[in-house]
Amino acid sequence: MLIPLIDSKKQYEYFADDINKAVIKVLSSGIYIMGESVIQFEKKIEKYLGVKHAIATANGTDALVIALKSLGIGKGDEVITTPYTFFATAESIALVGAKPVFADVEKDSFNIDIDKIEEKISTKTKAILPVHIFGQPVDIDSIKALAKKYNLYVLEDACQAIGAEYKGKKIGTFGDAACFSFYPTKNLGCAGDGGMIVTNNDRIAAIARALRVHGSGENGRISYGLINNIYVEKGEKEIQIDDVYNPSKYHNYLIGHNSRLDNLQAAILGVKFEHLEENNNRRLKIAEFYDANINNVKILKPVKKIDRKHVYHLYILQSEERSRVIKYLKEKGISTGIYYSIPIHLQTAFDDLGYRKGDFPSAEFLSERCFAIPMYPELTDIEQKYIVNAINDFI
Ligand SMILES: *Cc1c(COP(=O)(O)O)cnc(C)c1O
């Protein structure tokens, strides 16, 4: 039996009829940038999360960059984050000219260790950027309490955790803003790149909307006023759809980005969004099966914290003998993945930050032991049993 880590093709096949229809509708409309599918998808996310603003972007990394800029974070500022995450989390901080400052993680949840954050706060700290890693919410109440005490922003990196909940409330709604990714393998994935910023803050939303389109148009004009404390009268509502000539499009007020979500991708996401809850619950069921049935003294299972709905973007196991386990599973046709083999503070790109091996022992410990096993909604019962049996037979 051959089982991939994730199967994007299988997911497409499940919804192919609806996706094909949605794609053809956009293709024949002739409207490819912004457009109705983007507006509708943003509205769906606003309603789903219960947030005031959802701003679609070209990808999750851009969402983080634009969100940080919308918070006014840049040169000379510090942002506290985790070293045990996908590179883009820390990269986005560096891209806006600020400095990522790491705090070590918890060995059981893989999330940032709340007790390690306070000692990292300096006069330059502007924000905390926690990641809901692998789909499990971070202890966001404690982070918010710290942020309040030191007057810091909280930006949630929710790229792996759409639909996850903390104390019964969807993540992405706790921070000043939150970012999502729709990279194909994420819990809600498109057929390419996509991202989203969500916020309840009108100012952050206006600036983010402006920054994603070259700081232009009505949002650019309003944002220029907001950033420079100049009163600007509210003009006409921004024209979002590009099928009409919009003269304000060529008035640029801020240096921004070209980071829109394609209308085609939004149409695909609109279809898949309808199955998000069902797919996340299916992941939960698979995780429950793994939790209940994987039993091998050489393998450590992931820990689910109380008060949280984990959406299992990845199901992570640990082993002292990782390379041997991975090789063994490969021989059985079972794919695995290593998340993450190098903690961010030891990445070459961040050499200039001056971190060394030993600085974040838990992140380093995990980077040598963790590996993911197949986890996606379309995984069959037979495949799950095959995986469990193989792991249990490892000696
Ligand atoms: C995927 C991911 C991102 C970046 O998203 P892209 O859409 O790939 O740019 C950022 N942070 C985390 C934790 C991610 O998993």
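Residues numbered from 1 in each chain as written. Predicted model: local features only at pLDDT ≥ 70, side-chain atom pairs only at ≥ 80, totals over all residues. Heavy atoms only, no water.

Asks: Looking at this model, I keep getting lost on the overall build of the chain. Mind explaining?
Replies: Of the regular secondary structure elements, the chain holds twelve helices and twelve strands. Taken against the 2.2 N^0.38 rule, which gives 21 Å for 395 residues, the C-alpha radius of gyration of the chain at 21 Å falls within 12% of a compact globule. In terms of its C-alpha atoms, the chain occupies a principal-axis envelope of roughly 70 × 55 × 35 Å. Partitioning the contacts of the chain with sequence separation of at least 6, the portion at a separation of at least 24 is 72%. By element, 52% of the accessible surface of the chain is carried by carbon and sulfur atoms, the whole surface being about 17400 Å². Treating the 50 positive side-chain charges of the chain as one cloud and the 51 negative ones as another, the clouds have centres 1 Å apart. (Helix = DSSP H or I, 4+ residues; strand = E, 2+ residues; numbered from the N terminus. Rg over C-alpha atoms; globule rule 2.2 N^0.38 Å. Contact = heavy atoms within 4.5 Å. Areas by Shrake-Rupley, 256 points an atom, 1.4 Å probe, with all protein chains shown as cover. Lys, Arg positive; Asp, Glu negative; His and termini not counted. Charge placed at Lys NZ, Arg CZ, Asp CG, Glu CD.)

Asks: What exactly am I supposed to notice about the site of the ligand here?
Replies: In the vicinity of the ligand, 15 residues are found, and the nearest of them are G60, T61, D157, S181 and K186. T61 places a polar side-chain atom, nitrogen or oxygen, 2.5 Å from an oxygen atom of the ligand. Separating an oxygen atom of the ligand from a side-chain N or O atom of S181 is a distance of 2.6 Å. Calculation on the ligand without its partners gives an accessible area of 380 Å², and the protein chains cover 93% of this total. Element by element, the count of residues in the shell around the ligand is highest for helix α3 (residues 60–70), at three residues. Its residues assigned to classes, the shell around the ligand comprises five nonpolar, eight polar and two charged. (Near = heavy atom within 4 Å. Polar contact = N/O pair within 3.5 Å; in protein donor to acceptor, adjacent residues only side chain to side chain. Nonpolar A, V, L, I, M, F, W, Y, C, P; charged D, E, K, R; others polar.)

Asks: So what exactly am I meant to see when it comes to the environment of A56 here?
Replies: The topology assignment puts A56 in strand β1 (residues 53–57). Judged by its relative accessible area of 0%, A56 is buried. Each C-alpha atom of the pair A56 and K249 lies 18 Å from the other, and the pair is 193 residues apart in sequence. (Buried < 20%, exposed > 50% of the residue type's maximum accessible area, 1.4 Å probe, protein only.)

Asks: So what exactly am I meant to see when it comes to a nonpolar patch on the surface here?
Replies: Among the surface-exposed residues, L27, Y32 and I33 lie close enough to one another that they form a single nonpolar patch of about 260 Å² accessible area. Structurally, L27 can be placed in helix α1 (residues 8–29). Exposure remark for L27: the relative accessible area of 44% places this residue in the partly exposed category. (Patch = residues over 30% accessible without salt bridge, like charges linked within 9 Å, V, L, I, M, F, W, Y side chains within 5 Å. Salt bridge = Lys/Arg side-chain N within 4 Å of Asp/Glu carboxyl O.)

Asks: What is the right way to read the side chain of Q136 from this model?
Replies: Summarising the element assignment, Q136 is placed in the loop between β4 (125–129) and α5 (140–150). Only 3.1 Å separates the side chain of Q136 from the backbone oxygen of V303, close enough to count as a polar contact. Beyond its immediate chain neighbours, meaning those up to four positions away, Q136 contacts S109, N111, V303, K304, K305 and H310.

Asks: When you look at the pattern of salt bridges in this model, what are you seeing that I'm missing?
Replies: Note that side chains of opposite charge can pair when their charged atoms are close. Under the criterion given, the structure shown has 21 salt bridges. Put simply, R221 and E218 hold a salt bridge, and the shortest N to O gap is 3.0 Å. Remark: E218 and R221 occur in helix α7 (residues 217–227); sequence separation between them is three residues, near one turn of the helix. The shortest N-O distance in the salt bridge between E368 and K357 comes to 3.3 Å. Of the two residues, E368 is situated in the loop between α11 (361–367) and β12 (370–373) and K357 in the loop between α10 (322–331) and α11; the sequence distance between them amounts to eleven residues.

Asks: When you look at unusual backbone geometry in this model, what are you seeing that I'm missing?
Replies: Trans peptide bonds make up the majority, and among non-glycine residues the majority have a negative phi. A cis amide bond links Y339 to the next residue, Y340, at an omega of -5°. With respect to the helices and strands, Y340 occurs in the loop between α10 and α11. Here the phi dihedral of M34 falls at roughly 55°; this positive angle occurs in a residue that is not glycine. Look at M34 and you get buried, because its relative accessible area is 5%. Unusually for a residue other than glycine, F110 sits at a positive phi of about 70°. In this fold, F110 is placed in the loop between β3 (99–102) and β4. For F110, a relative accessible area of 5% translates into the label buried.

Asks: Can you walk me through the packing of helix α9 (residues 276–293) against helix α12 (residues 381–392) in this structure?
Replies: When two helices pack together, you describe them by how their axes are tilted relative to each other and by the distance separating the axes. Between α9 and α12, whose axes approach to 10 Å, the crossing angle comes to 30°. Classified by the interaxial angle, the pair formed by α9 and α12 is roughly parallel. Here α9 runs over α12; the crossing is right-handed. Residue-level contacts link R282, I286, F289, Y290 and N293 of α9 to D381, Q384, K385, I387, V388 and N392 of α12. (Axes fitted to C-alpha atoms, helices over the stretch in contact; angles between N-to-C directions. Parallel < 35°, antiparallel > 145°, perpendicular 65-115°, else oblique. Left-handed = near helix turned anticlockwise from the far one by under 90°.)

Asks: When you look at α10 in this model, what are you seeing that I'm missing?
Replies: At 3.6 residues per turn, the α-helix brings residues three or four places apart onto the same side. The complete set of buried residues in α10 reads R322, V325, I326, Y328 and L329. Buried residues of α10, seen end-on, are gathered within an arc of 165° and therefore sit on one face of the element. Residues S323, K327, K330 and E331 are exposed on α10 and point more than 90 degrees away from its buried face. Summarising the contacts, the buried residues of α10 are in contact with α11, β12 and α12. Note on α10: the residue one or two positions beyond its end, G333, has a positive phi of about 90°. (Arc of directions from axis to C-beta.)

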